[in-house]
Amino acid sequence: MRTFDIVVIGAGPAGAVFAKSISKEFSVACIDKKSDDEGSFKKPCGGLLAPDGQKALSELGLNLPKSVLVDPQIFSVRTIDLDSGMTRHYQRMYINCDRHRFDRWLMSGIEENVTLFCGTVTKIEKQDKRYIITFIENKKEQKLSAKFIVGADGAKSGVRKFLNPDYRCRQYLSIQQWFEDKHPKPFYSCIFDSENTDCYSWAVSKDGLFIFGGAYPLKSGKEAFLRQKKKLCKKGFVFGEPIKTEACLVLRPQKSSDFYFGKENAFLIGEAAGLISPSSLEGISSAIISGKALAEAFNTKKNIRREYENSIRPLKRKLLFKNFKCPFLYQPFLRNLVMKSGISSIKVSEKNQ
Ligand SMILES: Cc1cc2nc3c(=O)[nH]c(=O)nc-3n(C[C@H](O)[C@H](O)[C@H](O)COP(=O)(O)OP(=O)(O)OC[C@H]3O[C@@H](n4cnc5c(N)ncnc54)[C@H](O)[C@@H]3O)c2cc1C
């Protein structure tokens, strides 16, 4: 069995940034199930990099390559309130990316002190203060041993389940479908519809395709998604036959205990730790920030947990604070007042919509 100082499970933005930022003095293995192969796992995502994510990349000294971008870049979001029937446009500074290419680009900068494995982790155990990680690579079972483990395996984290089976956080079923874009013009949209979800839905044009997705209650998600599509047809959305349907869990933290950073020599980063915005479900920036923060905590060689939890506290506070913004977005009466007032909205002439 190969042994390492640290085994990272998951190489999304959190795990990839951790693996890029960890000192070469550590021997590190990083396991992720995705690859460049056709049919490989692709994280369902809107692929919009918000200003906080842009800032987090700048702090790593990273410039986004053209190969990650998709066409077109759009600077406003058409916000549709299906409860009141009102539509407004708001300026937004997202970067429209191909999420899979974004993840693969982040992984490409991982240095040779980190051994990358393409496989699916199936089991984690603890034996005599070391962690034993079992994974399947090319249909073959392998085991690694490590002094530390880092769970960067997203919303449905197996590492979190191993460490804290009682962890509970508000969760939604996120469903996305991809279509050929048949709208007269590409656009971004954000949809509120309290009949179908107390969260929100989105539409994003990407390289001639059109993604429609949303976060729905776990039990009735599929029906809510289909009902909402029907309502949006009346608002001019054109769906047609889906090219691809994807679904996954998404967390929506509400209280301090929804953030969990692990215990003993096991650490959680990114959405595995509950780090995602409860107001916008934007999670790429928190993943990058926490991946960097944990690597820096290891690099100090002091008390890793204390260093990590201290440096992540402002992010945790910021995400908790976003819950105060939620009623103005998700409470139909307050949202209606805000949209009616026109505060911060921009005028887009009807001819150009
Ligand atoms: C539909 C949808 C749309 C979203 N849109 C946006 C958006 O536009 N902008 C934004 O900022 N955020 C968005 N988010 C949130 C964002 O995608 C996540 O918060 C972010 O990806 C979290 O990053 P992460 O690195 O923590 O985890 P992830 O990106 O989920 O990465 C986890 C990694 O772990 C790997 N993994 C998991 N389990 C195993 C296993 N057992 N074995 C091996 N590997 C494993 C996976 O392959 C994956 O690469 C969206 C979320 C959803 C669900």
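Because the structure is predicted, anything quoted here is derived from the model rather than measured.

### Comments concerning the overall build of the protein chain
A tally of helices and strands in the protein chain yields 8 helices and 18 strands. For the protein chain, the C-alpha radius of gyration of 21 Å lies close to 20 Å, the compact-globule estimate for 353 residues. Structurally, the protein chain occupies a C-alpha span of about 65 × 40 × 40 Å along its principal axes. Considering only residue pairs separated by 6 or more positions, the protein chain has 72% of its internal contacts joining residues 24 or more positions apart. Of the roughly 17000 Å² of accessible surface on the protein chain, 53% is carried by carbon and sulfur atoms. Of the side chains in the protein chain, 58 bear a positive and 38 a negative charge, and the two mean positions are spaced by 4 Å.

### Some remarks on the layout of surface pockets
Where empty space is left can be seen by rolling a probe of water-molecule size over the atoms. Space inside the second largest pocket adds up to approximately 390 Å³. Lining the second largest pocket are 21 residues, and of these Lys55, Ala56, Glu59, Ile289 and Leu315 lie nearest its centre. Secondary-structure elements contributing two or more residues to the lining of the second largest pocket are α2 (51–59), α6 (284–300) and α7 (304–330). In the lining of the second largest pocket, the residues fall into 9 nonpolar, 4 polar and 8 charged.

### Some thoughts on helix α3 (residues 99–108)
A large share of α3 lies buried, amounting to 7 of its 10 residues. Within the span of α3, buried status applies to Arg99, His100, Phe102, Asp103, Trp105, Leu106 and Met107. Check the buried side of α3 and you find it contacts α1 (13–21), β3 (48–49), α2, β7 (114–118) and α6. Where α3 begins, one side-chain oxygen reaches toward the backbone nitrogen of His100, 3.1 Å away; that side chain belongs to Asp98.

### Concerning the state of the cysteines
Within this structure, the stated rule accounts for 0 disulfides. Unpaired in terms of disulfides, Cys190 finds its nearest cysteine sulfur in Cys199, a separation of 9.6 Å. No disulfide involves Cys248; its sulfur sits 8.7 Å from the nearest other cysteine sulfur, which is in Cys45.

### Regarding the pairing of strand β9 (residues 130–137)
β9 sits mainly inside the fold: 6 of its 8 residues count as buried. Note: strand β8 (residues 120–127) against β9, 7 bridges, orientation antiparallel. From the neighbouring strand, Thr120 faces β9, where its bridge partner is Ile136. In textbook terms, the turn of a hairpin is the stretch between consecutive antiparallel strands, and for β8 and β9 this stretch comprises 2 residues, one of which, Asp128, has a positive phi near 45°. By the bridge criterion, 7 bridges tie β9 to strand β10 (residues 140–151) in an arrangement that is antiparallel. The residue bridging Glu137 from the neighbouring strand is Lys140, located in β10. A loop of 2 residues connects β9 with β10, the two strands running antiparallel in sequence, and Asn138 in this loop sits at a positive phi of about 50°.

### Let's talk about the site of the ligand
In the region of the ligand, 35 residues are neighbours, and Asp32, Lys34, Arg99, Val121 and Glu271 sit closest. The contact in question runs from a nitrogen atom of the ligand to an N or O atom on the backbone of Val121, over 2.9 Å. Listed by contribution, the elements that provide at least two residues to the shell around the ligand are α1, β2 (28–32), β8, β11 (171–180) and α6. Looking at the shell around the ligand, its residues break down into 16 nonpolar, 11 polar and 8 charged.

### Some details on the sheet that holds strand β4 (residues 76–81)
With mixed pairing, the 8 strands of this open sheet are ordered in space as β15-β11-β14-β13-β12-β4-β5-β18. Pairing within the sheet leaves two strands with one partner each, and these edge strands are β15 (244–251) and β18 (345–346). Across 6 bridges, the pairing between strand β13 (residues 201–206) and strand β14 (residues 209–216) is antiparallel. The residue of β14 that forms the bridge with Ala203 is Phe212. Its contacts with the sheet put helix α5 (residues 221–233) on β11, β12 (188–192), β13 and β14, and the angle it makes with β14 is roughly 130°. Of the strands in this sheet, β4, β5 (87–91) and β12 are in contact with helix α8 (residues 332–341), which crosses β5 at around 70°.

### Side note on the side chain of Lys206
Within the secondary structure, Lys206 sits in strand β13. Notably, Lys206 is buried but unbridged: the nearest opposite-charge side chain belongs to Asp98, and the N-O separation is 7.6 Å. At a separation of 2.8 Å, a polar atom in the side chain of Lys206 contacts the main-chain carbonyl oxygen of Gly46. In this view, Lys206 contacts Gly46, Gly47, Val70, Asp71, Asn96, Cys97, Trp178 and Ile211; residues no more than four positions away in its chain are not counted.

### So, the domain arrangement of the protein chain
One frequent convention defines the size of an interface as the accessible area lost when the parts assemble. Domain annotation for the protein chain reports domain 1 (2–49 + 99–168 + 254–326) and domain 2 (76–97 + 170–252 + 328–352). For domain 1 and domain 2, the distance between their C-alpha centres works out to 29 Å. Contact residues are listed per partner, giving 27 residues for domain 1 and 28 residues for domain 2. The tally of links between domain 1 and domain 2 comes to 0 salt bridges. On inspection of domain 1 and its partner domain 2, the count reaches 12 residue pairs in polar contact (both at pLDDT 80 or more).

### Observations concerning the packing of aromatic side chains
Taken as a whole, this structure holds 26 aromatic pairs when the rule is applied. With 6.1 Å between their ring centres and 65° between their planes, Phe210 and Phe237 make a pair best called edge-to-face. One end of the pair, Phe210, is in strand β14; the other, Phe237, is in the loop between α5 and β15, with 27 residues separating them in the sequence. The two residues Phe210 and Phe237 agree in class, both being buried. Ring centres of Phe210 and Phe239 lie 6.3 Å apart, and the angle between their planes is 45°; on these two criteria the pair is classed as tilted. Of this pair, Phe210 sits in strand β14 while Phe239 sits in the loop between α5 and β15, and the two are 29 residues apart along the sequence. The buried category is assigned to Phe239, whose relative accessible area is 7%. Through a chain of ring-to-ring contacts, the aromatic side chains of Phe179, Phe187, Phe210, Phe212, Tyr216, Phe225, Phe237 and Phe239 assemble into a single cluster. The aromatic ring of Phe41 is capped on one face by Lys33, whose charged end is 4.5 Å from the ring centroid. Just above the ring of Tyr330 sits the side chain of Arg252; from NZ or CZ to the centre is 4.4 Å.

The rules behind these values
Each chain carries its own residue numbering, running from 1 in the written order of its sequence. Local features in this predicted model are restricted to residues whose pLDDT is 70 or higher, and side-chain atom pairs enter the listing and the counts only when it is 80 or higher, whereas totals over whole chains, interfaces and linings include all residues. Heavy atoms throughout the structure, all of them, feed into the side-chain values; hydrogens and water do not. Each helix corresponds to a stretch of at least 4 residues labelled H or I by DSSP, and each strand to a stretch of at least 2 residues labelled E; elements are numbered beginning at the N terminus. Each radius of gyration is computed over the set of C-alpha atoms, and the globule rule expresses the reference value as 2.2 Å times the number of residues to the power 0.38. Note on contacts: a residue pair is in contact if any heavy atoms of the two residues lie within 4.5 Å. Areas reported as accessible are Shrake-Rupley estimates using a 1.4 Å probe. Residue values count occlusion only from the protein chains shown. Charge assignment: positive for Lys and Arg, negative for Asp and Glu; neither His nor the chain ends contribute. Charged side chains are reduced to one point each, which is NZ for Lys, CZ for Arg, CG for Asp and CD for Glu. In the cavity and pocket records, a cavity denotes points on a 1 Å grid over the protein atoms alone where a 1.4 Å probe fits but cannot get out, a pocket denotes an open set with protein on both sides within 12 Å along at least 5 of 7 lines, and lining residues are residues with an atom within 4 Å of a point. Grid points are joined across faces, edges and corners, and a volume is the space filled by probe spheres set on the points. Charged means Asp, Glu, Lys or Arg here, nonpolar means Ala, Val, Leu, Ile, Met, Phe, Trp, Tyr, Cys or Pro, and polar covers whatever is left, Gly included. Relative accessibility thresholds used throughout: buried, under 20% of the residue-type maximum; exposed, over 50%; partly exposed, between the two (1.4 Å probe, protein chains only). What qualifies as a polar contact is a pair of N or O atoms within 3.5 Å, subject to a donor-acceptor requirement within protein and to the restriction that residues adjacent in sequence count only when both atoms come from side chains. Disulfide assignment relies on a single distance test, namely cysteine sulfur atoms paired within 2.5 Å. Here the rule is simple: two strands pair whenever DSSP picks up at least two bridges between them. By convention in this text, a residue qualifies as near a molecule or strand provided that one of its non-hydrogen atoms is within 4 Å of it. In this description, a line fitted to the C-alpha atoms serves as the axis of each element, helices being fitted only across the stretch in contact, and the angle between N-to-C directions of two axes falls anywhere from 0 to 180 degrees. Salt bridge, as used here, is a side-chain nitrogen of Lys or Arg placed within 4 Å of a carboxyl oxygen of Asp or Glu. Residue ranges assigned to the domains are those given by an automatic or database domain assignment. The criterion for an aromatic pair is that two Phe, Tyr or Trp rings (for Trp, the six-membered ring) have centres within 6.5 Å, with stacked assigned to planes under 30 degrees apart, edge-to-face to planes over 60 apart and tilted to the rest. Geometrically, a charge over a ring is one whose NZ (Lys) or CZ (Arg) sits within 6 Å of the ring centre while staying within 35 degrees of the ring normal.

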